[in-house]
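# Notes for the structure review
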Amino acid sequence: MKPNFRIVTGILLILVLALLGCSGCAPGEYKPYPTYPSGGDYDYGGGSYDLPDYVHDALGEWEGFMWEEYRSDHRTLGKKKVAVRIQYKDSTYTSSGWRDWVRVNVLIDGRPAASTIEEIRSGGYLHLETYQGDIDLDLKGWFRHNKANGDIDLVWDEKFDYPWGDTDFYRVRIAGDFELGHVTHLHWASAWELFDTYGDEIWDLPEETWYEATLDGMEYLESIEETLVRTPVE
């Protein structure tokens, strides 16, 4: 029995169309769509995506303190001054849905500790794991409702000033939790400008440059340090 020519042709046409339709659509494939740095509503051809409120809430500058709970050098536990800037970077679409990305810059005691792009998740949750400029930083926490809290694990060369005037550096691991508030002033502007201007070269900038750029912010945190009342981490 000879096969019906029309039937065979129809089956072949269906197979060809199916293959063309599936091309480039493998499960989990990364599919970027046009987005705009200003945030808001994103058109990706046949639909739109509203940037979640928790992303908007996390954007901007944050400052506060990290309370040391562990030091590998067994020195007296203290506080670190912390400043964080979060900027919207991009939104992408995958088989699991939309993902939102932000650029995060971190200063600890007036020194750059991280500059990275990370995904921000529901509730304003961020987790950074970076090793840059011989500084190993693991930060995880929630940035929401004008308050940020979480944990920091930091490995770097800690500067130590001796009473007789000498200075030395010791490799140390420090861990503890942090609490930050949203910044409504501009005293970290010079430091953020260094991140924007020098990019990956920020790790080569001299200590004096960072000291001058972060002086206003560090002095402000120092002025409120003694009066700060610590609230329990949720």
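Now for a description of the structure that goes with this document. Values in this document were obtained by computation on a predicted structure and should not be read as measured data.

For the rest of this paragraph, the subject is the nonpolar core. Counting residues in each nonpolar core, the largest one holds 31 residues, and the members touching the most others are Val84, Val106, Leu137 and Phe143. Leaving out residues up to four positions away in the same chain, leucine 137 has contacts with Val106, Ile108, Ala113, Ala114, Leu128, Glu129, Thr130, Ile152, Asp153 and Leu154. By size, the runner-up hydrophobic cluster in this structure holds 15 residues, among which are Phe65, Ala83, Ala213 and Leu221.

The full count for this structure, using the stated rule, is 15 salt bridges. With a closest N to O distance of 2.9 Å, arginine 71 and aspartate 73 form a salt bridge. Given a relative accessible area of 25%, aspartate 73 falls into the partly exposed group. With its nearest N and O atoms 2.8 Å apart, the salt bridge here joins arginine 85 to aspartate 196. On the criterion of sequence distance, the pair formed by arginine 85 in strand 5 (residues 79–94) and aspartate 196 in helix 3 (residues 189–198) is long-range, its members being 111 residues apart. Via salt bridges that share partners, Glu68, Arg71, Asp73, Arg75, Lys80, Asp109 and Glu158 belong to a single interconnected network.

Moving on to unusual backbone geometry. What is expected of a backbone is that most residues other than glycine have negative phi and most peptide bonds are trans. With a phi close to 65°, aspartate 134 is a non-glycine residue in the positive phi region. The phi torsion at asparagine 146 lies on the positive side, around 60°, for a residue other than glycine. Relative to the helices and strands, asparagine 146 is located in the loop between strand 9 (135–144) and strand 10 (147–161).

What follows covers the packing of aromatic side chains. Scanning the entire structure with this criterion turns up 10 aromatic pairs. Considering the side-chain rings of tryptophan 62 and phenylalanine 143, the 5.3 Å spacing of their centres and the 85° angle between planes classify their relative orientation as edge-to-face. Remark: phenylalanine 143 occurs in strand 9 and tryptophan 62 occurs in strand 4 (residues 60–71); sequence separation between them is 81 residues. Judged on exposure class, the residue tryptophan 62 and its partner phenylalanine 143 are both buried. Note that arginine 75 overlies the ring of tyrosine 170, its terminal NZ or CZ placed 5.3 Å from the centroid. The side chain of arginine 111 reaches across the aromatic face of tryptophan 156, ending 3.8 Å from its centre.

What follows concerns the environment of alanine 114. Looking at the element boundaries, alanine 114 is found in strand 7 (residues 111–120). Between the C-alpha atom of alanine 114 and that of leucine 139, which follows or precedes it by 25 residues, the distance is 9.6 Å. Once residues lying within four places of it in the same chain are set aside, the contact partners of alanine 114 are Val104, Asn105, Val106, Thr130, Gln132, Leu137, Phe195 and Trp203.

Within helix 3, the full set of buried residues consists of Ala191, Trp192, Leu194 and Phe195. One face of helix 3 carries all of its buried residues, which in axial projection span an arc of 150°. Residues of helix 3 that are exposed and point over 90 degrees away from its buried face: Glu193 and Thr197. As for helix 3, its buried residues are in contact with strand 4, strand 5, strand 6 (97–108), strand 7 and helix 4 (207–225). A positive phi of about 55° marks glycine 199, the residue just after helix 3.

Cut-off values and rules
- Along each chain, numbering runs from 1 in the same order as the chain's sequence is written.
- Selection of residues for local features in this predicted model requires a pLDDT of at least 70, selection of side-chain atom pairs for listing and counting requires 80 or more, and totals for whole chains, interfaces and linings are taken over all residues.
- Working from all heavy atoms in the structure, the side-chain values ignore hydrogens and water.
- Definition of nonpolar core: a set of buried residues of the types Ala, Val, Leu, Ile, Met, Phe, Trp, Tyr and Cys, connected through side-chain atoms within 4.5 Å.
- Summary of the burial criterion: residues with accessible area below 20% of their type's maximum are buried, those above 50% are exposed, and those between are partly exposed, where the area comes from a 1.4 Å probe applied to protein chains only.
- Contacts are assigned to residue pairs that have any heavy atoms within 4.5 Å of one another.
- Throughout this description, the term salt bridge denotes a Lys or Arg side-chain nitrogen within 4 Å of a carboxyl oxygen of Asp or Glu.
- The numbering of helices and of strands both runs from the N terminus, where a helix is a DSSP run of H or I of at least 4 residues and a strand a run of E of at least 2.
- The criterion for an aromatic pair is that two Phe, Tyr or Trp rings (for Trp, the six-membered ring) have centres within 6.5 Å, with stacked assigned to planes under 30 degrees apart, edge-to-face to planes over 60 apart and tilted to the rest.
- For a ring to carry a charge above it, either NZ of a lysine or CZ of an arginine must fall within 6 Å of the ring centroid while also lying within 35 degrees of the normal to the ring plane.
- Think of the arc as the fan of directions from the helix axis to the C-beta atoms.

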